[in-house]
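# Chains, contacts and geometry: an overview
Spelled out, the chains give:
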Amino acid sequence: MDIFDFGTLAGWPAWSIAATTATVLLALLFVGAPLWAFALVAAAMLWTFGAAWWLAVLVAAPLLVLLLPPLRRALLGDRILHVLRSAGFLPTISDTEKAAIAAGTVWLDGELFSGKPDLHALATAAYPDLSDEERDFLDGPVEKVCAMTDDWQVHERRDLPTEVWDYLKQQRFFGLVIPKEFGGLGMSASANSAVVTKLTSRSLPLAITVMVPNSLGPAELLTHYGTDAQKQRWLPALAEGREIPCFALTEPTAGSDAGAIQARGVVFRDERGVLCVRLSWNKRYITLAAIATVLGLACQLHDPENLLGKGPFPGITCLLVPTDTDGVQLGRRHDPMGVPFYNCPTTGKDVVVALEDAVIGGAAGVGRGWQMLMECLAAGRGISLPATSTGGCQLALRAVGAYAAVRQQFGLAIGKFEGIEEPLARIGGYTYLLEAARRYVCGALDAGQKPAVVTAIAKFNATELWRKVINDGMDVLGGAAISRGPRNLLAHGYVGTPICITVEGANILTRTLMIFGQGAIRCHPYAYKELEAIAGNDAAAFDKAFWPHLGHVLKTAVRSALLGLTRGWLTWVPVGGATRPYWRKLNWAAAEFALLADVAMGTLGGNLKRKEKLTGRFADWFSWLFLASATLRRFEAEGRKKEDEPLLRWAAEHAFAEVQKAREGIYDNLRLPGLGHTLRIPGLLWARLNAFGRAPSDQLGHRVAKAITAPGAQRDRLSPGIFVPEDPTSALGRLELALTLCAEAEPVQKKLKDAIRQKLLPKARTEQLLDQAVENGILTAPERELLQRAEAARHEAITVDSFTLDEYLGAARDGADSAALAARD
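Overview of the structure. From a predicted model like this one, the values you see are computed outputs, not experimental measurements. Residue indices begin from 1 for each chain and proceed along its sequence in written order. Side-chain atom pairs in this predicted model are given and counted only at pLDDT of 80 or more, local residue features only at pLDDT of at least 70, and totals for whole chains, interfaces and linings cover all residues. The side-chain quantities take in all heavy atoms of the structure and omit both hydrogens and water.

With that settled, consider the pairing of strand β7 (residues 343-354). Any two strands are treated as partners once DSSP identifies two or more bridges connecting them. The helix count covers DSSP runs of H or I at least four residues long, the strand count covers runs of E at least two residues long, and both are numbered beginning at the N terminus. Where strand β3 (residues 275-287) and β7 come together, 9 bridges link them in antiparallel fashion. Residue pairing for β7: Trp281 is matched across the bridge by Gly348. In terms of strand pairing, strand β6 (residues 328-329) meets β7 through 2 bridges, oriented antiparallel. In the strand pairing of β7, Gln329 is matched with Thr347.

This is the structure we're talking about:
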């Protein structure tokens, strides 16, 4: 007997029935329909095609099991949970890792990880501007302190000038994030970021000095977790600069492995019966420590008498210690790449403080230190270093673009040579992208989100791209970049980028562990719930997560296949115009990413944590999906300016080329247990024949390079947040003046060249032809004057610093004396 008796639709061929059924099921999978929808459709189709009763039973039985949780758990779920727990399938996760994973919130990263991102949410996410009050601060005190600071002198004297320190305190720069009711400025994340961006464009030591007290440290911790008494005691003084804070976390044996902290605090009662803590520590790399008046400290707290009722080892705890307390030792400095900001070791021995006063949050804060730090970093990591990197890139864009336009070789501006256009395009494209990511992330933070994975993406990629931009800038400027002095705008950024790459989670760790290693658990729709359920042996919670997860994998596989076959054309895109094809591609790439991530997690289990080369490639894929969405959002938010399309296209195409690179690397190296490199050949073949994208074309790079070498509104939009001095004798002022004059003089210069080609003038240097050109009526007197001014400005702009031997050796002696003094102290 045929399985179909065709009682209802007699005459339908079997292939037609199969094709119709498959089409309907695939459509349901593609749109992510729930299981009950499949059951209803299956019942309807069985009835429609008049299926034999035994086939109906065969289909209905498993559907019934899957639809009824008690039956599903009894027959399948409990057994699967037991097997997973017995096999040790999940990775071993320390308490500090658990706190890091649980910290913060999931934002649009969850959309991208789902494999079915809400493109409308990505395309309309908050992209806030500054308030009038914040804008006034940026245009007033920030502008003024930049003008007061000479970065060359800061490096020569190894510190900010006294008047700059005083002005920073007077204008409450150290209270940017402190609420107004405590005397601070109560700025948004966007404003905090904008301040750091602008300060960086003037002086990295200035930016670091301001950003550290407003990042992870006493003020941030007190604002969120401090007792009322602690807030009243410390926050007004910190906002006014009467107290200078630092925060001591890193130790010689505890860097990335925070669980290895050796700093120790022991709880005891003093002779008055007051609960106290006796502290000892040895910390290093602590910014501002040498001049701090209050030390934030992370330590392992011990309570041998269980005076707090939390056991003998309550865990990592954060405390505030006045630095004039007996036993605190300060005064020494590290020398991080010669960048003169205060970065220091500190030690303490038998330092006694009252517990309720010192522990942030009082007794309730005991053992919560790591949670506090991770929650603050979940937001703060997306502000300071991305802002620093963006400011550094915008300064490089402005300086390198101007230099490439005014510096000539072989009678032509070097920016017009294709070999120079290549790095110029990267500088322009990366800078456009970084400002997009900075604004995008700050929009989430301003809305109250604390997206730990997104801020890790921002920190890692911003600092890495700054390193690439500064290297490209050094290559373009050549000798002018390696000759240090007051005229050099790149050298200090070049030596400073490794600092930003190292702090707040070294980039190797951030890429291989945080972005995907922790992100795969935190951002996945079901993995974190499954992890908690398995760890807690919670069969009901496991059942609620595991079966939807299986359905999610199946749906994602279908979406990935269909989107791949159509190159994203099945995507509904909420916007039109230039960004439309990139949103399609983003949807497609997100679906395949989600599928491969599930394959890796489902087959490798706990071993995936140790496959850091693999997790690094997944992190790259995930990062560039996010950066692409930020780029697309910026273009939409700024009104889809036609002249910015080359920048949009360059950044988006570069992003998908990076996604493609990570994709191929995963297929080439993903080794499945028991199956080996099964995916290698078909996966690589599929990836290369159906690529997400390729690197931006030479023609597109030409248009981006042209945009950053021409004065005007577009160039200003590419560097909106930096300090541009009005003084034409400053380093950047000289370049700006030369660029403006050379651009104005370009039509006049063309007249001279045309006259030479027509043999109306002899071949000679421009300055040698000017008088003859006027006499012959080729140029007017004002045109001659304009060319003379342009040539003088060009010469001044490309001049590099030099020193007398006494000046040079005097600086060396001063440095040696400072080093000797530091060693003696």
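With that settled, the discussion passes to the layout of surface pockets. Any residue with an atom within 4 Å of a point lines the site, the site being either a cavity, points on a 1 Å grid over the protein atoms alone where a 1.4 Å probe fits but cannot get out, or a pocket, an open set with protein on both sides within 12 Å along at least 5 of 7 lines. Grid points are joined across faces, edges and corners, and a volume is the space filled by probe spheres set on the points. A volume near 1,200 Å³ is recorded for the largest pocket. In this structure, the largest pocket is lined by 43 residues; those nearest its centre are Leu249, Thr250, Val503, Glu504 and Gly505. Put simply, the parts of the chain that give the lining of the largest pocket at least two residues each are α5 (95-102), α12 (204-211), β3, α16 (369-380), α17 (384-406), α21 (491-502) and α22 (507-522). Side-chain classes are defined by residue name, with Ala, Val, Leu, Ile, Met, Phe, Trp, Tyr, Cys and Pro counting as nonpolar, Asp, Glu, Lys and Arg as charged, and the others, Gly among them, as polar. Counted by class, the lining of the largest pocket contains 24 nonpolar, 14 polar and 5 charged residues.

Another aspect to go through is the nonpolar core. Within the largest apolar cluster, 224 residues are counted, with the highest numbers of intra-cluster contacts made by Leu279 and Trp621. In what follows, a contact means two residues having at least one pair of non-hydrogen atoms within 4.5 Å. With residues up to four places along the chain from it excluded, the contact list for Trp621 reads Ala589, Glu592, Phe593, Leu596, Val659, Ala662, Arg663, Ile666 and Phe692. Among the nonpolar cores identified, the runner-up in size contains 8 residues, and Leu84, Phe542, Phe546 and Trp547 belong to it. To qualify as a nonpolar core, a set must consist of buried Ala, Val, Leu, Ile, Met, Phe, Trp, Tyr and Cys residues joined through side-chain atoms within 4.5 Å. Each residue is assigned to one of three classes by its accessible area relative to the maximum for its type, calculated with a 1.4 Å probe on protein chains only: buried under 20%, partly exposed between the two thresholds, exposed over 50%.

On to the packing of aromatic side chains, then. Under the pairing criterion, centres of Phe, Tyr and Trp rings, with the six-membered ring standing for Trp, must be within 6.5 Å; the plane angle then separates stacked pairs below 30 degrees from edge-to-face pairs above 60, leaving the rest tilted. This structure, assessed with the given rule, holds 21 aromatic pairs. Both rings, one in Phe593 and one in Phe618, keep their centres 6.0 Å apart while their planes meet at 70°; by these two values the pair is edge-to-face. With Phe593 in helix α25 (residues 580-604) and Phe618 in helix α26 (residues 612-637), this residue pair connects regions lying 25 residues apart in the sequence. Given the relative accessible area of 0%, Phe593 is considered buried. For Phe618, a relative accessible area of 0% corresponds to the buried category. Three or more aromatic residues joined by ring pairs form one cluster here, namely Phe113, Phe516, Trp588, Phe593, Phe618, Trp621, Phe622 and Phe692. Between Arg233 and the ring centre of Trp234, over which it is positioned, the NZ or CZ distance is 3.7 Å. Geometrically, a lysine NZ or arginine CZ counts as sitting over a ring once it is within 6 Å of the ring centre and also within 35 degrees of the ring normal. Above the plane of the ring of Trp569 lies Arg584, whose end atom (NZ or CZ) is 3.7 Å from the centre.

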